[in-house]
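# Summary of the model geometry
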Amino acid sequence: MRNIFTLANKSPKPWNTKRKPQHRSPLLFLLITLFTFTLVFLAYTNIPKSLLSISSSTTQNPKFPQCHQTFDQKFLFYSPHSGFSNQLQEFKNAILMAAILNRSLIIPPVLDHHAVVLGSCPKFRVSTPTEIRITVWDHVIDLLRTGRYVSIADIVDISSLVSSSAVKVIDFRVFASLWCGMDIDLACLNEVDTQPSLISSLKQCGSVLSGVNGNIDRCLYAVDEDCKTTVWTYQSGDEDGLLDSFQADEQLKKKKKISYTRRRQDIYNAFGPGSAAEKATVLAFGSLFTSPYKGSELYIDIKTAPKDQRMQHLIRKIEFIPFVPEILNAGKTYALETIKAPFICAQLRLLDGQFKNHWKATFTGLKQKLDSLSQKGPQPIHIFVMTDLPESNWTGSYLGDLAKYTDYFKLYFLKEGNEFVAQIAKKLATSGHGLRYGSTPSSVGVTGMKQHCPQRFSDVLLYIEESICSCASLGFVGTAGSTIAESIQLMKNLMYVLVKPDCTIALGFDLVHSSSFKA
């Protein structure tokens, strides 16, 4: 193949040596030169920026951020994903890891359900930490731009953790304004005429935080280890680098052509004092999701801290983080003023992922529970149903049968457009719980976040349903394997300790009371 860059300097090989040499026009030379530069420019601009930036030096000083002059504290950033229950579990892990490393936790928003996915740790098929960080940042910008941003601290109550100094936190919107060097109120981004240049700048500084430019000396340390290679521990007694009990089997190695080895690493030794990451202003993780699998944890195995009583207390404290009072009160109000009787809660996940193939198993547990209650108590049996199966599709299912036998069963359920749900959404929108965390230093020239900007709570239904189910004094039946079911069961167990099973008396919570309720 001929070199395009030499066409202007070499004459074609003459076929007839007797032929007189031809003189090229200066205009033709100029056109060829312009054509060459055009090709080079198009080739360059179509190369993914992530590929161009990965090879850049780790000590470079890009435009974003100006962290050496801006921050006087250190932060932990991570990338939530999947559904709300998974995001809440990651949030708990992040609280613990930020406390261990003495960093301020950047509180993220609640992401749209499955807007960002991780993949499968057991199958060693997951997005890289860099990929998931940049995907989360882009989705967060979309939430801000469309006015759908809801902090996870707007949903769950972390006030006791912060007031007790168990963990230091800062709202993502406050941090992002500082990190990107923008004197703009990100809480009200949807109210301004958002210019493409502003969105582009936000995406650019997000790519830096995501680590596509590599680490930045004393500014950013992007964690590359994920669940394929690492299990994070703390004071476990294991030697650093010890092989984990769960490894990819030989069949998977051959099928997927992988050679990953999972090792157990102490989080404090890896990122604490004396480490390469310790001096960085921001320590950026990818996913912090974990779950037990084949006798091991898939990513984070920190359940005790035998030598650190402060962490031991925090581990117990974050086991149950309650919803904010508006949601707790909503659940109690519905139980006491709408159902008005002892009831059972049925969480039936039927359409999402693996659950769509296990209807029989899902309904079997509920049927067994109802048969037992029918033999013991009065009828009709009151049942609160939370399900992803629309009521119009209940015909032909066990739910449809229950709905028909009104003398024996009385069903209750909520829909997103329900007026009761809308009222709670309005209360949450004006509460502004999330923006209470992380004031902006006036010295850096960035104004603080406003409290009055309206928020749009589109997924309040799930939280209210979980709160209602915690008051189900006749019991709870959940879909096996569902993180939502696990969350409800944990909440229900703790509520039994804090209040009466029927939720009429509260200890430590500002809950509603109703004289109309008869247990």
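For clarity, every value in this text was computed on a predicted model and none was experimentally measured.

This paragraph deals with the overall build of the chain. On a plain count of helices and strands, the chain comes out with 17 helices and 16 strands. Each of the 519 residues in the chain was classed as buried or not, and the buried ones make up 49%.

This paragraph deals with the confidence of the model for the chain. Overall, the predicted model of the chain reaches an average pLDDT of 81, with 77% of residues at or above 70. This model gives residues 40–62 a pLDDT under 50, and the stretch forms 19 contacts once residues within four places in sequence are excluded. In the model, residues 440–448 has pLDDT below 50 throughout and makes 16 contacts with residues more than four positions away in sequence or in other chains.

This paragraph deals with the pattern of salt bridges. Taken as a whole and assessed by the stated rule, the structure comprises 17 salt bridges. A salt bridge links Asp112 to Arg148, with the shortest nitrogen-to-oxygen separation between them at 2.6 Å. Taken as a pair, Asp112 in the loop between strand S2 (104–107) and strand S3 (119–120) and Arg148 in the loop between helix H5 (129–145) and helix H6 (159–163) lie far apart in primary sequence, 36 residues in all. On the basis of relative accessibility, which here comes to 21%, the residue Asp112 falls in the partly exposed class. Asp301 is the partner of Lys303 in a salt bridge, and the nearest nitrogen-oxygen pair spans 3.3 Å. A relative accessible area of 48% places Lys303 in the partly exposed class. Because the salt bridges share partners, they merge into one network encompassing Asp238, Asp244, Arg262, Arg264, Glu297, Asp301 and Lys303.

In this section: the sheet that holds strand S15 (residues 409–412). The four strands are arranged S15-S14-S13-S16 in an open sheet whose pairing can be described as parallel. Edge positions in the sheet fall to S15 and strand S16 (475–478), since each has one partner strand and no second. Strand-to-strand twist of the sheet, defined as the mean angle between neighbouring strand axes without regard to direction, takes the value 25°. The sheet contact formed by strand S13 (residues 343–348) and S16 spans four bridges and is parallel. Counterpart to Ile344 in the pairing with S16 is Gly475. In this fold helix H16 (residues 460–469) packs onto S13 and strand S14 (381–387), with an angle of close to 150° to the strand it touches most, S14.

Right, let's talk about the sheet that holds strand S10 (residues 282–284) for a bit. One open sheet holds the five strands; their spatial order is S5-S2-S1-S10-S6, and the pairing between them is parallel. Lying at the two open borders of the sheet, with one neighbouring strand each, are strand S5 (168–171) and strand S6 (220–222). The mean inter-strand angle of the sheet, taken between neighbouring strand axes irrespective of direction, is 25°. Of the strand pairs in this sheet, S2 and S5 are connected by four bridges, and their pairing is parallel.

Take Leu96: it is sitting in helix H4 (residues 84–100). Contact partners of Leu96, with chain neighbours within four places excluded, come to Ile302, Met311, Leu314, Ile315 and Ile318.

Here the focus is the nonpolar core. Grouped together as the largest cluster of nonpolar side chains are 127 residues, with contacts concentrated most on Phe91, Val156, Trp179, Ile267, Phe285 and Phe384. For this core, the element with the highest residue contribution is H4, accounting for 10 residues. Excluding residues that lie within four positions of it along the chain, Val156 makes contacts with Phe84, Leu88, Phe91, Ile321, Pro322, Phe323 and Val324. In this structure, Ile344, Leu366, Leu370 and Leu389 belong to the second largest nonpolar core, which totals 19 residues.

Within the structure shown, the criterion is met by 18 aromatic pairs. Between Tyr334 and Phe384 the ring centres are 5.7 Å apart and the planes differ by 70°, which places this aromatic pair in the edge-to-face class. Within this pair, whereas Tyr334 is found in helix H12 (residues 325–339), its partner Phe384 is found in strand S14, the two being separated by 50 residues in sequence. A connected cluster of aromatic rings, assembled from ring pairs, spans Phe124, Phe246, Tyr260 and Tyr293.

Further remarks concern unusual backbone geometry. Cis rather than trans, the peptide bond between Gln379 and Pro380 has omega equal to 5°. Turning to its location among the elements, Pro380 is positioned in the loop between helix H13 (359–376) and S14. At Gln235, a residue that is not glycine, the phi angle is positive and equals roughly 55°. Take Gln235: its relative accessible area is 21%, and that puts it in the partly exposed class. The phi dihedral of Lys340 is positive, around 60°, even though this residue is not glycine. Within the secondary structure, Lys340 sits in the loop between H12 and S13. Here Lys340 falls in the partly exposed class, since its relative accessible area comes to 46%.

Its location among the elements puts Thr387 in strand S14. Residues Thr387 and Leu350, spaced 37 residues apart in sequence, show a C-alpha to C-alpha distance of 7.2 Å. Apart from the residues lying within four places of it in its own chain, the contact partners of Thr387 are Leu348, Leu350, Trp394 and Leu399. Reaching out from Thr387, the side chain makes a polar contact with the backbone oxygen of Leu348 at a distance of 2.7 Å. Within the structure, Thr387 has its side chain in polar contact with the backbone nitrogen of Leu389 (distance 3.1 Å).

This paragraph deals with a positive patch on the surface. A grouping of Lys123, Arg125, Lys255 and Lys256 is seen on the molecular surface, where their side chains present a positively charged patch. Following the sequence through the fold, Arg125 ends up in strand S4 (residues 125–126). Look at Arg125 and you get partly exposed, because its relative accessible area is 44%.

The next subject is the pairing of S2. Neither face of S2 is exposed, since Ser104 and Ile106 on one face and Leu105 and Ile107 on the opposite face are all buried. Judged from the two bridges that link them, strand S1 (residues 75–77) and S2 form a sheet pairing that is parallel. Across the sheet, residue Leu76 finds its bridge partner in S2, namely Leu105. As for the winding sense of the linkage, the β-α-β connection from S1 through H4 to S2 is right-handed.

Before going further, it helps to spend a moment on the state of the cysteines. Within this structure, the stated rule accounts for three disulfides. Shown here is the disulfide that connects Cys180 with Cys205, its sulfur atoms set 2.0 Å apart. Classification of the bridge connecting Cys180 and Cys205 rests on its S-S torsion, roughly 50°, and on that basis the disulfide is right-handed. Here Cys180, found in the loop between helix H7 (172–179) and helix H8 (196–210), pairs with Cys205, found in helix H8; they are 25 residues apart in sequence, far enough to count as distant. Of the two residues, Cys180 and Cys205, both sit in the buried class. In this model Cys345 forms its disulfide with Cys469; the gap between the sulfur atoms is 1.9 Å. Disulfide Cys345 to Cys469: torsion about the S-S bond roughly 45°, handedness right-handed. Taken together, the residues span a long stretch of sequence, with Cys345 in strand S13 and Cys469 in helix H16 at a distance of 124 residues. In this pair, the class of Cys345 matches that of Cys469, namely buried.

Definitions and limits used
- Residues numbered from 1 in each chain as written.
- Predicted model: local features only at pLDDT ≥ 70, side-chain atom pairs only at ≥ 80, totals over all residues.
- Heavy atoms only, no water.
- Helix = DSSP H or I, 4+ residues; strand = E, 2+ residues; numbered from the N terminus.
- Buried < 20%, exposed > 50% of the residue type's maximum accessible area, 1.4 Å probe, protein only.
- pLDDT = per-residue confidence, 0-100.
- Contact = heavy atoms within 4.5 Å.
- Salt bridge = Lys/Arg side-chain N within 4 Å of Asp/Glu carboxyl O.
- Pairing = 2+ DSSP bridges.
- Axes fitted to C-alpha atoms, helices over the stretch in contact; angles between N-to-C directions.
- Core = buried A, V, L, I, M, F, W, Y, C linked by side-chain atoms within 4.5 Å.
- Phe/Tyr/Trp six-rings, centres within 6.5 Å; stacked < 30°, edge-to-face > 60°.
- Polar contact = N/O pair within 3.5 Å; in protein donor to acceptor, adjacent residues only side chain to side chain.
- Patch = residues over 30% accessible without salt bridge, like charges linked within 9 Å, V, L, I, M, F, W, Y side chains within 5 Å.
- Areas by Shrake-Rupley, 256 points an atom, 1.4 Å probe, with all protein chains shown as cover.
- Lys, Arg positive; Asp, Glu negative; His and termini not counted.
- Charge placed at Lys NZ, Arg CZ, Asp CG, Glu CD.
- Right-handed = clockwise from strand over helix to strand, strands pointing away.
- Disulfide = S-S within 2.5 Å.

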